[in-house]
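Close look at the chain arrangement
Now for the letters of each chain:
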Amino acid sequence: MDYNFKAIETKWQKQWVKNKTYKVEIDKDRPKFYVLDMFPYPSGAGLHVGHPLGYIASDIYSRFKRLNGFNVLHPMGYDAYGLPAEQYAIQTGQHPAITTEKNLERYREQLDKIGFCYDWDREIKTCDPSYYHWTQWAFTQMFDSYYCNQAKKAAPISTLVEAFNAAGTSGLDVAQTEKLAFTADEWKVKSEKEQQEILLNYRLAYLADTMVNWCPALGTVLANDEVKEGISVRGGHPVEQKLMRQWLLRVSAYSERLLQGLNDVDWTDSLKEMQRNWIGKSEGAEMKFQVKDSDIVMDIFTTRADTVFGVSFMVLAPESDLTAQLTTADQKDEVEAYVKATAKRTERERQAEVDKVTGVFSGSYAINPLNGEEIPIWVGDYVLAGYGTGAVMAVPGHDTRDFKFARQFNLPIIQVVIPEGGEASDTATWEDSKDSKAGTMINSDFLNGLSVPEAIAKTKEYIREKKVGDVQTNYRLRDAIFSRQRYWGEPFPVYYKDDMPQMVDAADLPLELPEIDKFLPTEQGEPPLGRAKNWVYKDAYPLELNTMPGFAGSSAYYLRYMDPKNDKALVGKEANEYWQDVDLYIGGTEHATGHLIYSRFWNKFLYDMGHVIKDEPYKKLINQGMIQGRSNFVYRINGTNKFVSLNLKGDYDTTAIHVDVNIVSNDVLDLEKFKNWNPEYKDAEFVLEDGKYVCGWAVEKMSKSMFNVVNPDDIIEDYGADTLRLYEMFLGPLEQSKPWDTNGIDGVHKFLRKTWRLFYDKDEKLNISDEKPSKDEFKVLHKTIKKISDDIEKFSFNTCVSAFMICVNELGSLKCNKREILEPLTVLLAPFAPHMSEDLWEKLGKTETVCDAEWPVFDASHLAESTFSYPVSFNGKMRFKLDMPVDATNDAIEAAVKSHESAQKWLEGKSIRKMIIVPKKIINVVVG
RNA sequence: GCUCGAGUGGUGGAAUUGGUAGACACGCAAGACUUAAAAUCUUGUGUCCAUCUGGACGUGCGGGUUCAAGUCCCGCCUCGAGUACCA
């Protein structure tokens, strides 16, 4: 019988469903292992060959763990809310739920064909009310909480109210939007509404007027990680800054814990580094600059308080509240015009014009707290409102941006640091600021002569003593904007009473997404939910019109898989205590600053409130590399419909045109298919080489427009799922990006057929021998057991496939069909090629699934050798091999080398200076 | 600019962490089987010189450490990813 992958794969996929082979339940007798794939968003395009890479890797690891006695949780579900389905709805009027359901079915169909061991009984969808019930619940919990910096954890907001009643804000150190100060008496006399407004300053989910990334094309605001280089990640539309009242999550409260937590997780260094940069901790000082003839005090943040004697002006962000306050009457027009002009520019324009220095004088002066000098206050858009205090002290001598600004507006430049090995010089002659990371202080009063680190320490001490500022830590991480002016997302469990937000009662959750007639904003510019009929709570109070963003549903999904049907809690105690956390998380690096920050934040909050038992959700995380496309090109001779083969194109003036990779084989174009591919090429003519049309190629992103998309369904149709799985792994290291080239796939398919043939004789009859295997056969097997076991643990799946090929090639030449070899080999192969292994396992007479077989145990005694073949080098160059007993003494080896025939020509006329002998490794003879 | 990662045959990639560079596979070439093709099998395949035995060179570039360097150190170059007026 030939290897009939179609019959085998269909058969076992049915059997697995029928036997519930992948159903998982809590089993306290076995250790748990939780393997998770990053939640896919089911797009309309379906899966291409790059998507399953990570899923195959996690599937192999899950099966391997199960074979090693672990109770493995390996679930799958869908991040089903999102912009594309809604954009499609706007264009076609089709309800996003229908589009989503259709896409999801297609995804499922494609996934099923690959033979994954998911427990589909645990499937979740973020758009399912029984799921978003708990997304809404978590939000209400955050609303009812604040973050205490002293306890370093979240606590119920009622505790804070008690504290206000007892002593106002005194003695409190809590996360807050604005630094407020009031006494208990002041608090008590405030109206209910005023108190509610104040509490928003502390809640972990809060409503506030903030600068947001507004994307007009999508009609919604976006979080920082959803914007790259001033354009939206989804859709690529321009984004501008706008002041809006929005829901936010106080992620910044957890900055330090999110940073510290990275030390306890097993993630790649590069991913941790990305998160560290995104959190952006910097330590420095906050200093107070009194404004001349005013009671206003400017707070500025600096990491280089030691350079304060070099400050020659101050700069405010145009959006800063202080800008208007500090503008004098005669500068008013100019400043207002500048602020307006800045606001009009998109984020993208602002970034593109980094070199353009713009600014305007406010008319006011500040007083340097260290030397009492008066310095002008300017407004400039190089200062960001969102970072630090939105104001800086400018040290043009030692900061590039300040230097450029000073030159542009003719402001004084003072040198305060002499770089190591340099001398003080006239700043008028400088072309750029001078580096100040190391050196000696000058022009700095009591700091003169000190080194930079000494000066930093001394300044900190000084400003604390004189109370002109304080040592301060700053984080770049911003609170997450949580409102979206869209339809297809979780509704907020929020209603408004007297204009103040209130949470929907827990008993009334989930608050289901209402039906609307059109998926567009209302005529009044309200979000789409403004169209919903009776969108009120308790028949009286209007409900929130915004919906939640994409990351809401994906922030705690891994917890839900532990207990997906629980209608009393996000996750039950028993399930949470058993499954605990994710042992292995596999997914793309694109989630580094979004999902992976938000879900860590979300989880830490739930941990603080005692709802889950682990502080960090993902113990080990691996980023699979991107599968790139390998595009093919044809070369059209300009102005003709004639195409010239790659190596002859130098003789012509040509234009390269992308051609569908599916009509090219080994870079040779199928001419007939090409003519039929596009009516434009129906009458195409060709200049061939050796009778063939050879295409050019390049590695590019896999995308429709490059005609290089390869569909896994097609591969499975031609070669089977097991071949697809093996080939995806064989392409290269999991974490590396690499191009997909279908051409190499024959190799792994051939390997599977060779494996099959070990079980079948020439007449295609099953033929397995119960004879004792030979020493060589055992050696091949155990070498493979060791290699596969080690490499799976290292996630080095490409070398596993090579090892299998070597093993089967060797067993093939030994003509081995011994049960004692083939049985363990089938188990080794089961994680990689589950369909074939399951089938062969049955052929071996087993009645239980191969998934529950026992992983073969490596026995080193089978690898023991009596001789070792030494490579013999002369001055480091390998010249010949020498077989020696493994227990040969160095003297015996030395003698053997000296008398060896091949050694003579290298020793001739030279003397042996030294002989290096590394037992069972190498011999190196140093001659000269 | 800063941070991280990577540069090995025509191609994808191996190399036990300092010890035989190019495993395994694709592609290519020659051969076997076949009327023929496909499939399958065998052999060869880093570059250069040589009829062979063989030799020289060779892991982005330039230095260095070492008996021995793809691997370690110093200085560059190129590509990829992330991030960016972050004070």
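So, the sheet that holds strand S25 (residues 618–623)
Taken in spatial order, the four strands of this open sheet run S2-S1-S24-S25, and their pairing is parallel. Lying at the two open borders of the sheet, with one neighbouring strand each, are strand S2 (71–73) and S25. Here the average twist between neighbouring strands, direction ignored, is 20 degrees. As paired strands, strand S1 (residues 32–37) and S2 are joined by three bridges and run parallel to one another. Paired with Phe-33 across the two strands is Val-72, which belongs to S2. The strands touched by helix H2 (residues 52–67) within the sheet are S1, S2 and strand S24 (582–587), with S1 carrying the most contacts at an inclination of about 170 degrees. Of the strands in this sheet, S24 and S25 touch helix H19 (residues 595–608), which is tilted by about 175 degrees from S25.

Comments concerning the environment of Glu-123
Residue placement: Glu-123 occurs in the loop between helix H4 (96–114) and helix H5 (129–143). Residues Glu-123 and Gly-77, 46 residues apart in the sequence, show an inter-C-alpha distance of 4.8 Å. Ignoring anything within four residues of it in the chain, the contact list for Glu-123 reads Met-76, Gly-77, Tyr-78 and Arg-108.

So, the pairing of strand S12 (residues 313–316)
Residues of S12 alternate between two faces, with Phe-313 and Val-315 on one and Met-314 and Leu-316 on the opposite face, all of them buried. Pairing of S12 with strand S15 (residues 391–394) involves four bridges; the strand directions are antiparallel. Across the sheet, residue Met-314 finds its bridge partner in S15, namely Met-393. Here S12 runs beside strand S14 (residues 374–379); their pairing, made up of three bridges, is parallel. Looking at S14, one finds that Met-314 is bridged to Ile-377.

A closer look at the protein's contact with RNA strand B
Lining the immediate surroundings of RNA strand B are 49 residues, of which Thr-303, Tyr-387, Arg-401, Leu-731 and Arg-753 lie closest. Among the atoms of RNA strand B lying within 4 Å of the protein, the sugar-phosphate backbone contributes 62%. Within the contact set of RNA strand B, a sugar or linking oxygen lies 3.0 Å away from a side-chain nitrogen or oxygen of Thr-302. Between RNA strand B and Lys-881 there is a distance of 3.1 Å, counted from a base nitrogen to a side-chain nitrogen or oxygen. Looking at the surface near RNA strand B, the elements with two or more residues in it are helix H10 (269–279), strand S11 (297–302), helix H23 (745–759), helix H25 (797–813), strand S35 (877–885), helix H29 (904–907), strand S36 (912–918) and strand S37 (922–927). Broken down by element, the surface near RNA strand B gets its largest block of residues, six residues, from H25. Of the residues in the surface near RNA strand B, the class split is 20 nonpolar, 14 polar and 15 charged.

Focus: the nonpolar core
If you look at the biggest cluster of nonpolar residues, it comprises 189 residues, and the most contacted ones within it are Phe-139, Trp-247, Leu-249, Phe-482 and Phe-832. Ranked by the residues each element gives to this core, the list is headed by H25, at nine residues. Formed by 31 residues, the second largest nonpolar core is a distinct cluster that contains Phe-289, Phe-309, Val-417 and Leu-450.

Remarks on the side chain of Asp-722
Note that Asp-722 resides in helix H22 (residues 721–730). With sequence-adjacent residues up to four places away left out, Asp-722 is seen in contact with Tyr-3, Glu-9, Leu-752, Ala-833, Pro-834, His-835 and Met-836.

Regarding the packing of helix H24 (residues 775–793) against helix H26 (residues 819–829)
Contact pair H24 / H26: the axes reach a minimum separation of 10 Å and the direction vectors enclose 15 degrees. As far as their axial angle goes, H26 and H24 are roughly parallel. Crossing of H24 over H26 shows left-handed handedness. On H26, the residues that touch Glu-777, Phe-778, Leu-781, Thr-784, Ile-785 and Ile-788 of H24 are Glu-820, Ile-821, Pro-824, Leu-825 and Leu-828. Residue composition of the contact of H24 with H26, by class: eight nonpolar, one polar and two charged.

A short note on a nonpolar patch on the surface
There is a patch of nonpolar side chains on the surface, built from Ile-916, Val-918 and Ile-922 and spanning about 190 Å² of accessible area. With respect to the helices and strands, Ile-922 occurs in strand S37. The exposure class of Ile-922 is partly exposed, given its relative accessible area of 34%.

Quick word on the domain arrangement of chain A
Where the parts come together, the accessible area they lose is often given as the size of the interface. As assigned here, chain A comprises domain 1 (31–124 + 552–623), domain 2 (139–257 + 479–542), domain 3 (282–474), domain 4 (628–709), domain 5 (715–854) and domain 6 (865–927). The C-alpha-based centres of domain 1 and domain 4 are spaced at 40 Å.

Comments concerning the sheet that holds S36
Spatially, four strands are ordered S35-S34-S37-S36 in an open sheet, and the strand pairing comes out mixed. Every interior strand has two partners, whereas the edge strands, S35 and S36, have only one. Averaged over all pairs of adjacent strands, the angle between their axes in this sheet comes to 20 degrees, without regard to strand direction. Bridging between strand S34 (residues 867–874) and S35 involves eight bridges; their strand directions are antiparallel.

Focus: a positive patch on the surface
Taken together, Lys-750, Arg-753, Lys-754 and Arg-757 make up a surface patch of like positive charges. Considering the arrangement of structural elements, one finds Lys-750 in helix H23. Overall, Lys-750 belongs to the partly exposed group, its relative accessible area being 45%.

Let's talk about the environment of Ile-597
For Ile-597, the position within the fold is in helix H19. Between the C-alpha atoms of Ile-597 and Gln-275, which are 322 residues apart in sequence, the distance is 7.5 Å. Ignoring any residue separated from it by four or fewer positions in sequence, one finds Ile-597 in contact with Val-251, Leu-258, Gln-275, Trp-278, Ile-279, Leu-477 and Ala-592.

Here's the deal with the environment of Arg-122
Note on placement: Arg-122 falls in the loop between H4 and H5. Given a relative accessible area of 9%, Arg-122 falls into the buried group. On a C-alpha basis, the gap between Arg-122 and Lys-565 in space is 7.9 Å, while along the polypeptide they are 443 residues apart. Sequence-distant contacts of Arg-122, defined by excluding residues within four places in its chain, comprise Val-24, Glu-25, Leu-73, Pro-75, Met-76, Tyr-561, Met-562, Asp-563, Pro-564 and Trp-579.

Conventions adopted
- Residues numbered from 1 in each chain as written.
- Chains lettered and ligands numbered in written order.
- Predicted model: local features only at pLDDT ≥ 70, side-chain atom pairs only at ≥ 80, totals over all residues.
- Heavy atoms only, no water.
- Pairing = 2+ DSSP bridges.
- Helix = DSSP H or I, 4+ residues; strand = E, 2+ residues; numbered from the N terminus.
- Axes fitted to C-alpha atoms, helices over the stretch in contact; angles between N-to-C directions.
- Contact = heavy atoms within 4.5 Å.
- Buried < 20%, exposed > 50% of the residue type's maximum accessible area, 1.4 Å probe, protein only.
- Near = heavy atom within 4 Å.
- Polar contact = N/O pair within 3.5 Å; in protein donor to acceptor, adjacent residues only side chain to side chain.
- Nonpolar A, V, L, I, M, F, W, Y, C, P; charged D, E, K, R; others polar.
- Core = buried A, V, L, I, M, F, W, Y, C linked by side-chain atoms within 4.5 Å.
- Parallel < 35°, antiparallel > 145°, perpendicular 65-115°, else oblique.
- Left-handed = near helix turned anticlockwise from the far one by under 90°.
- Patch = residues over 30% accessible without salt bridge, like charges linked within 9 Å, V, L, I, M, F, W, Y side chains within 5 Å.
- Areas by Shrake-Rupley, 256 points an atom, 1.4 Å probe, with all protein chains shown as cover.
- Salt bridge = Lys/Arg side-chain N within 4 Å of Asp/Glu carboxyl O.
- Domains from an automatic or database assignment.
- Lys, Arg positive; Asp, Glu negative; His and termini not counted.
- Charge placed at Lys NZ, Arg CZ, Asp CG, Glu CD.

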